[in-house]
Amino acid sequence: MCGIVGYIGDKKATPILINGLLSLEYRGYDSAGIAVLDKDKIVVRKDKGRVNNLYDLVGINDLTGTVGIAHTRWATHGKPSKENAHPHMDNSSTFAVVHNGIIENYTEIRSFLENKGYKFLSQTDTEVIPNLIHYYSENGIQGENPFLRAVKSAVDDLKGSYAIGVISNKYPDRLIAVRKDSPLVIGKGIGENFIASDIPAILPYTREFYLPDDNEFVEIYENKVQFYDSSLVEHSKAIKNIEWDACAAEKDGFEDYMLKEIYEQSSAIRETIGSRFRLGEKCDFDDLNFSKEFLSSINKIYIVACGTAMHAGLTGKTIIEKLCKIPVTVDIASEFRYRDPIIDKNTLCIFISQSGETADTIAALKLSKEKGATTLAISNVIGSSITREANYTIYTHAGPEIAVASTKAYSSQVVLLAILAIYFAEVLDSTSNEVLENLKSEILDLPVKISNILDNTEEIKAFAKKVYTEKDMFFLGRGTDYNVALEGSLKLKEISYIHSEAYAAGELKHGPIALIENNVTVIGIITDPKLIEKSLSNIQEVITRGAKTLIITNQIIPSDHFNYVINIPNTSALLSPILSVIPLQLLSYYISKNKGLDVDKPRNLAKSVTVE
Ligand code: F6R
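Quantities reported herein were computed from a predicted structural model and do not represent experimental measurements.

Looking at the assigned domains, one finds that the protein chain contains domain 1 (3-248), domain 2 (271-454) and domain 3 (458-594). For domain 1 and domain 2, the distance between their C-alpha centres works out to 35 Å. Taking both partners together, domain 1 and domain 2 bury about 1,100 Å²; carbon and sulfur atoms supply 60% of that area. In this structure, the salt-bridge partner of Lys-366 is Asp-181, at a minimum N-O distance of 2.8 Å. Linking domain 1 with domain 2 are five residue pairs in polar contact (both at pLDDT 80 or more).

Inspection of the secondary structure assignment puts Ile-386 in helix 12 (residues 385-389). Taking the C-alpha atoms as reference points, Ile-386 and Leu-203, 183 residues apart in sequence, are found 21 Å from one another. Setting aside anything within four residues of it in sequence, one finds Ile-386 in contact with Phe-351, Ser-353, Gly-356, Thr-361, Ile-362, Leu-365, Ala-377 and Ser-379.

The element strand 2 (residues 31-38) is extensively covered by neighbouring structure, given that eight of its eight residues are classed as buried. Neither face of strand 2 is left uncovered, since the one carrying Ser-31, Gly-33, Ala-35 and Leu-37 and the one carrying Ala-32, Ile-34, Val-36 and Asp-38 both have all their residues buried. Relative to strand 3 (residues 41-48), strand 2 runs antiparallel, the two being bridged by eight bridges. For Ile-34, the partnering residue across the bridge sits in strand 3 and is Arg-45. Count of turn residues in the strand 2/strand 3 antiparallel hairpin: two residues, of which Lys-39 carries a positive phi of about 55°. Two elements, strand 2 and strand 4 (residues 67-73), share six bridges in a ladder whose sense is antiparallel. Its bridge partner being in strand 4, Gly-33 is matched across the sheet by His-71.

Right, let's get into the site of the ligand. Surrounding the ligand, one finds 14 residues, the nearest of these being Ser-353, Gln-354, Ser-355, Thr-358 and Glu-494. Here an oxygen atom of the ligand and a backbone polar atom of Thr-308 are 3.1 Å apart. A distance of 2.8 Å separates an oxygen atom of the ligand from a polar backbone atom of Ser-406. Alone, the ligand offers 410 Å² of accessible surface; in the complex the protein occludes 91% of this.

Glancing now at the environment of Leu-54. Positionally, Leu-54 belongs in helix 2 (residues 51-56). Of the residues examined, Leu-54 reaches a relative accessible area of 1% and is grouped as buried. In this structure the C-alpha to C-alpha distance between Leu-54 and Thr-347, which are 293 residues apart in sequence, comes to 50 Å. Those residues in contact with Leu-54 that lie beyond four places of it in its chain are Ile-18, Leu-21, Ala-32, Gly-33, Ile-34, Arg-45, Lys-46 and Ile-60.

Moving on: the sheet that holds strand 21 (residues 472-477). Taken in spatial order, the five strands line up as 22-21-23-24-25 in an open sheet, and their pairing is parallel. The sheet is open, and its two edges are formed by strand 22 (499-504) and strand 25 (564-567), each paired on a single side. Adjacent strand axes in the sheet meet at a mean angle of 15°, parallel and antiparallel pairs treated alike. Helix 16 (residues 480-496) contacts strand 21, strand 22 and strand 23 (521-526) of the sheet and is inclined by roughly 175° relative to strand 22. Along the sheet, helix 17 (residues 532-544) makes contact with strand 21, strand 23 and strand 24 (548-553), crossing strand 23 at roughly 175°.

Right, let's talk about the side chain of Asn-380 for a bit. With respect to the helices, strands and loops of the structure, Asn-380 is situated in the loop between strand 19 (374-379) and helix 12. Among the residues examined, Asn-380 registers a relative accessible area of 4% and is labelled buried. From its side chain, Asn-380 meets the backbone nitrogen of Ala-398 in a polar contact 2.8 Å long. Here the side chain of Asn-380 touches Gly-399 through a polar contact of 2.8 Å, landing on its backbone oxygen.

Turning our eyes to something else, we now look at the pattern of salt bridges. Under the criterion given, the structure shown has 33 salt bridges. In this structure, Lys-408 and Glu-264 form a salt bridge, with 2.7 Å as the shortest nitrogen-oxygen distance. Highlighted residues: Lys-408 in helix 13 (residues 408-428) and Glu-264 in the loop between helix 6 (257-263) and helix 7 (265-273), separated in sequence by 144 residues. Residue classification places Glu-264 among the buried positions, given a relative accessible area of 17%. Its salt-bridge partner being Asp-331, residue Arg-339 comes within 2.0 Å of it at the nearest N-O pair. Take Arg-339: its relative accessible area is 39%, and that puts it in the partly exposed class. Classification of Asp-331 by relative accessible area gives buried; the value is 10%. Salt bridges here are not isolated pairs; linked through shared partners, they connect Lys-180, Asp-181, Lys-366, Lys-369 and Glu-389.

A separate point is the packing of aromatic side chains. Per the counting criterion, the structure on display carries 16 aromatic pairs. With centroids separated by 4.9 Å and ring planes inclined at 85°, the aromatic side chains of Tyr-589 and Tyr-590 adopt a geometry described as edge-to-face. The rings of Phe-285, Phe-290, Phe-294, Tyr-392, Tyr-423 and Phe-424 are connected pair by pair, giving a single aromatic cluster. Its end group placed over the ring of Phe-227, Lys-237 keeps NZ or CZ at 5.8 Å from the ring centre. Directly above the aromatic system of Tyr-497 lies the positively charged group of Arg-603, at a separation of 3.9 Å from the ring centroid.

Attention shifts here to the packing of helix 7 against helix 14 (residues 433-455). Two elements in contact, helix 7 and helix 14, have axes separated by 8 Å at closest approach and are oriented at 170°. Judged by the angle between their axes, helix 7 and helix 14 are roughly antiparallel. Crossing angle aside, the handedness with which helix 7 passes helix 14 is left-handed. Every residue of helix 14 that contacts helix 7 at Gln-265, Ser-266, Ile-269, Arg-270 and Ile-273 is listed here: Ile-443, Leu-444, Pro-447, Val-448, Ile-450 and Ser-451. Within the contact of helix 7 with helix 14, the residues separate by chemical class into seven nonpolar, three polar and one charged.

What counts, and where the lines are drawn
Residues numbered from 1 in each chain as written. Predicted model: local features only at pLDDT ≥ 70, side-chain atom pairs only at ≥ 80, totals over all residues. Heavy atoms only, no water. Domains from an automatic or database assignment. Buried area = accessible area lost by both parts, 1.4 Å probe. Salt bridge = Lys/Arg side-chain N within 4 Å of Asp/Glu carboxyl O. Polar contact = N/O pair within 3.5 Å; in protein donor to acceptor, adjacent residues only side chain to side chain. Helix = DSSP H or I, 4+ residues; strand = E, 2+ residues; numbered from the N terminus. Contact = heavy atoms within 4.5 Å. Buried < 20%, exposed > 50% of the residue type's maximum accessible area, 1.4 Å probe, protein only. Pairing = 2+ DSSP bridges. Near = heavy atom within 4 Å. Areas by Shrake-Rupley, 256 points an atom, 1.4 Å probe, with all protein chains shown as cover. Axes fitted to C-alpha atoms, helices over the stretch in contact; angles between N-to-C directions. Phe/Tyr/Trp six-rings, centres within 6.5 Å; stacked < 30°, edge-to-face > 60°. Lys NZ or Arg CZ within 6 Å of the ring centre and 35° of its normal. Parallel < 35°, antiparallel > 145°, perpendicular 65-115°, else oblique. Left-handed = near helix turned anticlockwise from the far one by under 90°. Nonpolar A, V, L, I, M, F, W, Y, C, P; charged D, E, K, R; others polar.

This is the structure we're talking about:
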């Protein structure tokens, strides 16, 4: 979490830094700040609150310097406040630092520096970094390039995760950056260069990027970017051209990014399908090229992810088990890594992460690799950390997702998992061709069906208006409908702040039904023809106890039993989570709007969770 951006060039740094921060605000938005080299001084302006507040800070327009760093914060150590906002400076105001990540041993380093006479103004872990750089710059640095050497000595002492940008008024011609387990990209311009936590923040200025590896040091000058390994040996680095359109990360006439991204789901899925298959032809995964021998040796698959990505994994499990007959366990990344999972060389571990930067998922991946598994990452962000760690990567190609609540990433993840399962089944010959071809044809029909749902949103808007003041809601489903219940409930909590529970409908009578009382809202998802009778009986149980019900279905059901019914297009039960989730995404969106909340930046959350 936290977003960092840096600029060095021939233009005024401030507007570029602030624009970058605005696009990085999804990563954290409780405070923001910038540091710019102005004549021979570093000038820092920062405060709690959103990036827009920075505009109101006295003198920000007077900052004319052409070198600077900036930060938008998601608090970990120390509450949101002016003192805790980044950038942080050392006591002599020679070095300014922005940092994304967590310094685990900062109390130790702080005591060490306090013993040397350093004073601290904030409660943050970050403030030790500029002071440590200052300490080393004054103590024992020898040879050429003392700035870089001081940064390296300080970084060598840090434990934890970090992407760091540093400027100094003693070395006004450069900025230094380094990362470990936190995202950082370097943008290469003409007569100007950039650093940022992600690509869209600097996409308006360049399409050429370097993607630094962990523990690589980067010196960025106006006309040069120099890479060093962890021992400060220079090396060159390949440039990556990014084809994304800068507009893809803009709102495009929609009121919020979330709504835009909900509406992008048809096109996102078309991109995910891409040229992976055509009817009558085998799936094309030339990025994997798994042999029958290899896939036959896999006796267990783990799908590991967090939040919405984990919910996509739950449906992936059903599809893979059904088509490939390989047992699949879905795990929450933060649990997986601490429970000593049984993994060996015959295990395939699939990690799903939209951002590719989620710390828990990356840590789980590293553990699986250590234990000998084959690792496969599914990500939306080209070159993200997870893709660099995994043995294999496949991309969802859903385009940049900016709203904190994930929508199009989810549907594209489920689609990619379905195509992956078909590919495995083709290689393994584990399911008849006819079944696989039918499924492919259903996948190809999904974009049009999604558009149909999105063309008819009046009922869901009206329902949102009726229920937006409620305090509790319940989501019920069986089979893959349960996965959607979980996702619908998560969306509602995240952006509407309404308490909600999702239950496998058959489990209700084992306890949670005690919570059902007169007028409570229960949302049932019913799409699997095999489970329709059972699901209807479970919904009947809550109606008997006074619940009012909204049913999302593609089946013919006795609609007069329920208060509201939303019909969605039919598809295979394996793929229905891609369609049935859409009314639920819209429901939480419109409830949030009715409540007057900030849909794209819900409280306490950040888009990319780079702390464990
Ligand atoms: C929910 C949401 C989160 C993310 C989770 C994993 O709307 O956005 O639950 O799904 O933090 O993020 P990634 O997929 O980036 O690893």
